[in-house]
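Structural characterization, general
Here is how the chains run, residue by residue.
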Amino acid sequence: MNSFIAKMLASGPVITDGGWGTLFLEMGLGPGELGDTWNLSHPERVESIPRAYVEAGSEVILTNTFLSNRLTLAGHGLEGQLRELNEAGVSISRRAAGGRALVFGSIVGVIRTTPHVWLVRLGDAYVELFRNIPLLVQMFLWYFVLPELVPAAIGTWLKQLHYASFYTAVVALGFYTSARVAEQVRAGIMSLAQGQRLAALALGFTLPQAYRFVLLPMAYRIILPPLTSEFLNIIKNSAVALTIGLMELTARARAMQEFSFQVFEAFTAATVIYIVINIVVTFGMRALEKRVAVPGFIGAAPRAAQ
Amino acid sequence: MFANFDFDVIVRSLPYLFLDGMTFTLTLTALATLGGLVFGTLLAMMRLSGIALLSLPAAGYVNLMRSVPLVLMIFWFYFLVPYIGQWLTGAERPIQVGYFASSLITFTLFEAAYFCEIMRAGIQSIPLGHIEAGRSCGMPEFLILRRIVLPQVVRRMLPEAINNFVSLFKATTIVSLIAVPDLMYQVTMVIQQEMKPLPLYTSAALTYFAVIYVVAGLVRLASERWRNRIYA
């Protein structure tokens, strides 16, 4: 990360989120008054601060946006000015830095309001679609309906594919489970303190970097227990694939029973095998949890929200 | 892409599919939920009783039910229930119970395991201090249960329980495997006659999606309100 920051600094002063509350108090900010509103009411006073920093040779310049987030602004009845305040704060610091700065930073409120709204909606639609249709119906859709929808040549190729039911089952189970895992990852990230995201962005990580290096490593650790039960679910759900002719464990037990008429022996064998797989997976995941645990952190943290 | 999408076949088979099939699916889901709730409460009481003779079998039952796929359970009970009936009534031959009773028993027993866990989590989430506070105010035990414990347990359980109801609704599609005439089975039958999987499977998927989307949305709304009322 040091080389990353060095690279950023090489191309000019870096602007990140921050605030100058104490300096404002000296300049006459009233008690209880929100310093961020000065971006609009007293831009010249605000600008004098970063300018002084730049003149003194500082290479990391803050913006006066530390409290310009939804929660704080709502407390002052200013949530409508979220965007305005953030934009004004950044442009003031930018002017002070001579307009040649790279802006990185936690204009979090803005990020979470406009640019990503369609991404968020797309994700919601994906989750709702795959979560709300029964797995059996999804299997049938992939197996029987998909070949009819694609051009005839591909459809024929799909139908004649050797082992087609196996691939269909993998795809169907994959999509079905991905929607559920998506919900858990979201819950995991939401359960992290908001400060972690802010800190990452203030340090100059880009949003993808913040996710890759800060948020996801913690979120995945937090959601390991629910992921374990999702893992167990996918094993159980794989039995549904017998409806599209895949000879998995339950289908084999059923075939055994049909050939030999030994109903209870066949089903008992399958049941025991499922239980053994369950135990192995449960213990394996517990060992993994222990291995990746962050000392003094996850053990004390409550389990992720459902 | 949708050139061969035949809407007519949906219209023609509508009463057959949605009246018969959907009614059956909903009846099965509702009855199994009720049965699961009763039996699940019993299991939760057994698990929380602190008496090993009661709690160990209940725990074993719950873990067994939760580690075996529903499909396998359906096959198990499809073959097992007639013999259990014979054993219970002392009849000479295995008793034929029919597809409805067989699938209802399976789902009830299966649901009971899940409800037991939901109930247990709900009861265990109540801090002991609440009960002690009630006692120190001089409330009788029954009043503590009714005014302090149960309102919180129900609120905490309700979203989970309704989620469970939704997954049960989805899971009932599996009974079509043992030729139970639920919505999915009816769809498959019509497809075998008409040879038109595209419109029929798609409309079945849309139906399930619509029902579940609406129910799940209501659940989310309700659970948010409840949560706000707890901490209000």
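Note that the structure is a prediction, hence the values are computed from the model and not measured. Counting restarts for each chain: residues are numbered from 1 in the order of the written sequence. Key to labels: chains lettered from A, ligands numbered from 1, both in the order written. In view of the model being predicted, local features appear only for residues whose pLDDT reaches at least 70, and side-chain atom pairs are presented and counted only at 80 or more, with totals across whole chains, interfaces and linings using the full set of residues.

**With respect to the overall build of chain B**
Defined as follows: Helix and strand definitions here come from DSSP, where helices need a minimum of 4 consecutive H or I residues and strands a minimum of 2 consecutive E residues; each element is numbered from the N-terminal end. The contact criterion used here is simple: two residues whose C-beta atoms, placed from the backbone, lie within 7 Å are in contact.
Within chain B, the regular secondary structure consists of nine helices and zero strands. Across chain B, helices and strands are ordered from the amino to the carboxyl terminus as α-α-α-α-α-α-α-α-α. Partitioning the intrachain contacts of chain B with sequence separation of at least 6 by distance along the chain shows that 73% fall at a separation of at least 24.

**Here's the deal with the overall build of chain A**
Condition: Comment: burial labels come from other C-beta atoms within 10 Å of the residue's own C-beta, placed from the backbone, where a count of 20 or more is buried, 12 or fewer is exposed, and between is partly exposed.
Scanning chain A for helices and strands turns up 16 helices and three strands. Counting the 306 residues in chain A, one finds 29% classified as buried. Taking the intrachain contacts of chain A between residues at least 6 apart in sequence as the baseline, contacts between residues at least 24 apart amount to 75%.

**Some points on the interface of chain B and chain A**
Quick note on the threshold: Gly counts as polar in this scheme, as do all residues outside two lists: the nonpolar Ala, Val, Leu, Ile, Met, Phe, Trp, Tyr, Cys and Pro, and the charged Asp, Glu, Lys and Arg.
Taken together, the contact between chain B and chain A spans 25 residues of the former and 26 residues of the latter. Only α4 (70-89) and α9 (197-231) of chain B provide two or more residues apiece to the side of chain B that touches chain A. Residue contributions to the side of chain B that touches chain A peak at 11 residues, all from α9(B). The residue makeup of the side of chain B that touches chain A, split by class, is 21 nonpolar, three polar and one charged.

**Regarding the environment of B:T172**
Residue and element names in this part refer to chain B. Relative to the elements of secondary structure, T172 occurs in the loop between α7 (141-171) and α8 (183-194). A C-alpha to C-alpha distance of 8.9 Å links T172 and M184, two positions 12 residues apart in sequence. Residues in contact with T172, not counting those within four places in the same chain, are T25, L28, T29 and D182.

**Description of the packing of helix α2 (residues 14-48) of chain B against helix α3 (residues 52-67) of chain B**
All names here are of chain B. Which entries qualify depends on this criterion: Under this scheme, a helix contributes an axis fitted over its contacting stretch, all axes are lines through C-alpha atoms, and angles between N-to-C directions fall in the 0 to 180 degree range. Orientation labels follow simple angle bins: below 35 degrees gives roughly parallel, above 145 gives roughly antiparallel, 65 to 115 gives roughly perpendicular, and whatever is left gives oblique. Each crossing is labelled by how the near helix is turned from the far one, with a counterclockwise turn of less than a right angle marking it left-handed and a clockwise turn marking it right-handed.
Two numbers describe how α2 lies on α3: the axes approach to 7 Å, and their chain directions differ by 130°. By the angle between their directions, the pair α2 and α3 is classed as oblique. Considering the relative orientation of α2 and α3, their crossing is left-handed. Counting all contacts with α2, which are made through L43, M46 and R47, the residues of α3 involved are L54, S55, A58, A59, Y61 and V62.

**With respect to the confidence of the model for chain B**
Note the threshold: Predictor confidence is given residue by residue as pLDDT, running from a minimum of 0 to a maximum of 100.
The share of residues in chain B with pLDDT of 70 or more is 94%, and the mean pLDDT across the chain is 81. Interface confidence for the predicted complex, given as ipTM, is 0.75, next to a pTM of 0.64.

**Here's the deal with the environment of A:N237**
Residues and elements named next belong to chain A. Following the sequence through the fold, N237 ends up in helix α14 (residues 224-237). On a C-alpha basis, the gap between N237 and A169 in space is 9.9 Å, while along the polypeptide they are 68 residues apart. Among all residues touching N237, those that are not within four sequence positions of it are L135 and L173.

**So, the nonpolar core**
Test applied: What we call a nonpolar core is a set of buried Ala, Val, Leu, Ile, Met, Phe, Trp, Tyr and Cys residues whose membership is set by joining through C-beta atoms within 7 Å.
One finds A:M139, B:V71, B:L72 and B:I74 to be the most contacted residues of the largest nonpolar core, which totals 74 residues. For B:I74, the contacting residues outside a window of four places in its chain are B:S103, B:T106, B:I174, B:V175, B:L177 and B:I178. Judged by nonpolar contacts, the second largest core, of 11 residues, contains A:A200, A:L215, A:I223 and A:L224.

**Structural notes on the environment of B:T207**
Residues and elements named next belong to chain B. For T207, the location among the structural elements is in helix α9. Residue classification places T207 among the partly exposed positions, given that 19 C-beta atoms sit within 10 Å. Linking T207 and F18, residues 189 residues apart in sequence, is a C-alpha distance of 9.3 Å.

**Regarding the packing of α2(B) against α8(B)**
The description of two packed helices rests on the angle between their axes and on the distance between the axes. Residues and elements named next belong to chain B. Two elements in contact, α2 and α8, have axes whose closest approach is 7 Å; the angle formed by their N-to-C orientations is 150°. Here α2 is positioned roughly antiparallel relative to α8, judged by the angle of their axes. For the pair α2 and α8, the contacting residues are Y16, L17, D20, G21, M22 and T25 in the first and L183, Q186, V187 and V190 in the second. Partitioning the contact of α2 with α8 into residue classes produces six nonpolar, three polar and one charged.

**Considerations on unusual backbone geometry**
All names here are of chain A. One non-glycine residue, F261, lies in positive phi territory at about 60°. Relative to the elements of secondary structure, F261 occurs in the loop between α15 (249-260) and α16 (263-292). Since 9 C-beta atoms lie within 10 Å of it, F261 is described here as exposed.

**Re the confidence of the model for chain A**
Residues and elements named next belong to chain A. Chain-level pLDDT for chain A is 72 on average; 61% of the residues reach the 70-or-more range. When pLDDT is averaged over each element of chain A, α16 comes out on top at 87 and helix α7 (residues 108-113) at the bottom at 31. Counting contacts from residues 98-115, a segment whose pLDDT is below 50, to residues more than four positions away or on other chains yields 46 contacts. When the criterion is pLDDT under 50, residues 298-306 qualifies, and its contacts beyond four places in sequence or with other chains add up to 15 contacts.

**Some details on helix α6 (residues 128-136) of chain B**
Helical geometry: 3.6 residues make up each α-helical turn, so side chains three or four residues apart lie on a common side. Little of α6(B) sits inside the fold, with zero of its nine residues counted as buried. Of the residues one or two after α6(B), B:G138 is the one with positive phi, at around 85°.

**Looking at helix α11 (residues 164-191) of chain A**
Just so we agree on the cut-off: A helix is expected to span 1.5 Å multiplied by its residue count minus one.
Along its 28 residues, α11(A) runs 40 Å from first to last C-alpha, staying within 8% of the 40 Å computed at 1.5 Å per residue. When we look at burial in α11(A), the residues that qualify are A:T168, A:A169, A:A172, A:L173, A:Y176, A:Q184, A:V185 and A:G188.

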